[in-house]
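If you want the building blocks of each chain, they are given just below.
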Amino acid sequence: VLRLEKFRRDFPELITKPVNQIDQLDIIDFRNKRSKQVAPASVNREMNLLGGLFRYAVIELRIISESPLKNVTKPTKPPHRERRPTAHEIELILQSYNYDGTTTPINKRQQTAWAFIFAIETAMRASEITGLTWANVFNDHVLLTDTKNGTARRVPLTDKAASLLKVARGIDDLSVLTIAADSLSTGFTKRMKELGIIDLRFHDSRHEATTRLAQILPIQDLAKVTGHKTLNVLMGYYNPTASELASRMNKIP
């Protein structure tokens, strides 16, 4: 809804136009203008959102015969990220937030640090962590009822993840944390710039967690934990270094 409202503010000539009068040139103009403002991945997400609206107009409302996105080239996707936080960076991040994972994270800064190390243990997204409620926390797993791919999943807990949940008790009666997902991600990115940690985002904790869990779980179990539906997408989050692979290879008898 927020993104559509932004379209209405920034592109009134497109949004106020009757849907059956929108054509490929309108979409190309939108794509070109947005490409000057945001990254290719963001433009792709926004075009996919518009595509959903047009599919609804075609299939359900029957007011247009085909989507105006048809035959419109989307921006080239950048290569998938392989950025993972180093052990030194993780230590530096926790120090900057004055949090060590053993006490209740009272303020928003400490909750950000708590969420970061919890994400490394569980491979959960920022929105999944901030949306977690105590009603869906169990001894050895948490239940996520609202996920990015639209299906619920149960995430098993490591001993450290379970300990983190224990110290989070008392922040709020209903929600595990009181910080919003957007504030969590944007605040984290701002802090990384202040610390001089180059190109690290909160979501990179999911890469770190997936790579760690891949050492102990078979691929089908790993997909259950992370919620990935396809192997190729899951592999994008598995980013071992060459040194880590060499170390594992040399341990094989």
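Let us look at the structure shown here. Remember, predicted model here, so these are calculated numbers, not experimental data.

Remarks on the pattern of salt bridges
- Within this structure, the stated rule accounts for 17 salt bridges.
- Of the charged contacts in the structure, one is a salt bridge between Arg84 and Glu208, with a shortest N-O distance of 2.7 Å. Taken together, the positions of Arg84 in the loop between α4 (40-59) and α5 (87-96) and Glu208 in helix α10 (residues 204-213) put the pair 124 residues apart, joining distant regions of the chain. Across the pair, exposure class does not vary: Arg84 and Glu208 are buried alike.
- Here Arg125 and Glu128 are joined by a salt bridge, their closest N and O atoms 2.7 Å apart.
- For Glu128, a relative accessible area of 2% corresponds to the buried category.
- Salt bridges sharing partners connect three or more residues here, namely Arg84, Glu208, Arg212 and Glu244.

Comments concerning helix α11 (residues 219-226)
- Where α11 is concerned, the buried positions are Leu222, Val225 and Thr226. The buried residues of α11 all sit within an arc of 85° when viewed along its axis, so they share a single face. Exposed residues lying more than 90 degrees from the buried face of α11 are Gln220 and Lys224.
- Those residues of α11 hidden inside the fold are in contact with α6 (108-122), β2 (153-156), α10 and α12 (231-235).
- Phi turns positive, to about 85°, at Gly227, one or two residues after α11.

A word on the layout of surface pockets
- A volume near 2,300 Å³ is recorded for the largest pocket.
- Lining the largest pocket are 45 residues, and of these Ala41, Arg45, Lys148, His203 and Tyr237 sit closest to its centre.
- Of all the secondary-structure elements, those providing two or more residues to the lining of the largest pocket are α1 (2-10), α4, α7 (126-130), α9 (181-195), α10 and α12.
- Considering each element in turn, the lining of the largest pocket owes the most residues, seven residues, to α4.
- In terms of residue class, the lining of the largest pocket is built from 13 nonpolar, 17 polar and 15 charged.
- Its boundaries defined by the atoms lining it, the second largest pocket holds a volume of some 310 Å³.
- At the level of secondary structure, the elements contributing two or more residues to the lining of the second largest pocket comprise α1, α2 (12-15) and α4.
- For the lining of the second largest pocket, the residue count by class is 12 nonpolar, no polar and three charged.

Re the nonpolar core
- Membership of the largest hydrophobic core comes to 46 residues, with the highest contact counts inside it found for Trp114, Phe118, Ile129, Val142, Leu165, Val176 and Phe202.
- In terms of residue count, α6 provides more of this core than any other element does, eight residues in total.
- Sequence-distant contacts of Trp114, defined by excluding residues within four places in its chain, comprise Tyr99, Pro105, Ile129, Leu164, Leu165, Val167, Ala168, Val176 and Leu177.
- With 15 residues, the next largest nonpolar core counts Phe7, Phe30, Phe54 and Ile64 among its residues.

A few points about the packing of aromatic side chains
- With the rule as written, the count across this model stands at six aromatic pairs.
- Members of the aromatic cluster, connected to one another through ring pairs, are Phe7, Phe11 and Phe30.
- Above the face of the Tyr97 ring, Arg191 is positioned so that its terminal group lies 4.7 Å from the ring centre.
- Directly above the aromatic system of Tyr237 lies the positively charged group of Arg206, at a separation of 5.2 Å from the ring centroid.

Description of the packing of α1 against α4
- Taken N-terminus to C-terminus, the directions of α1 and α4 make an angle of 95°; their axes are 11 Å apart at the nearest point. For the element pair α1 / α4, the angle class is roughly perpendicular. Contacts between α1 and α4 pair Arg3, Leu4 and Phe7 from the former with Glu46, Leu49, Leu50 and Leu53 from the latter.
- Here the residues of the contact of α1 with α4 are counted per class, giving five nonpolar, no polar and two charged.

Considerations on the environment of Ala57
- With respect to the element layout, Ala57 can be found in helix α4.
- For the pair Ala57 and Ala180, spaced 123 residues apart in sequence, the C-alpha separation works out to 33 Å.
- In this structure Ala57 touches Val19, Arg62, Ile63 and Ile64, once residues within four positions along its chain are discounted.

Structural notes on the side chain of Ser96
- By the element assignment, Ser96 lies in helix α5.
- Setting aside residues no more than four positions away along its own chain, Ser96 makes contact with Arg109, Arg191 and Leu195.

Quick notes on the rules
- Residues numbered from 1 in each chain as written.
- Predicted model: local features only at pLDDT ≥ 70, side-chain atom pairs only at ≥ 80, totals over all residues.
- Heavy atoms only, no water.
- Salt bridge = Lys/Arg side-chain N within 4 Å of Asp/Glu carboxyl O.
- Helix = DSSP H or I, 4+ residues; strand = E, 2+ residues; numbered from the N terminus.
- Buried < 20%, exposed > 50% of the residue type's maximum accessible area, 1.4 Å probe, protein only.
- Arc of directions from axis to C-beta.
- Contact = heavy atoms within 4.5 Å.
- 1 Å grid on protein atoms, 1.4 Å probe; cavity = no way out; pocket = protein on both sides within 12 Å on 5 of 7 lines; lining within 4 Å.
- Points joined across faces, edges and corners; volume = space filled by probe spheres on them.
- Nonpolar A, V, L, I, M, F, W, Y, C, P; charged D, E, K, R; others polar.
- Core = buried A, V, L, I, M, F, W, Y, C linked by side-chain atoms within 4.5 Å.
- Phe/Tyr/Trp six-rings, centres within 6.5 Å; stacked < 30°, edge-to-face > 60°.
- Lys NZ or Arg CZ within 6 Å of the ring centre and 35° of its normal.
- Axes fitted to C-alpha atoms, helices over the stretch in contact; angles between N-to-C directions.
- Parallel < 35°, antiparallel > 145°, perpendicular 65-115°, else oblique.

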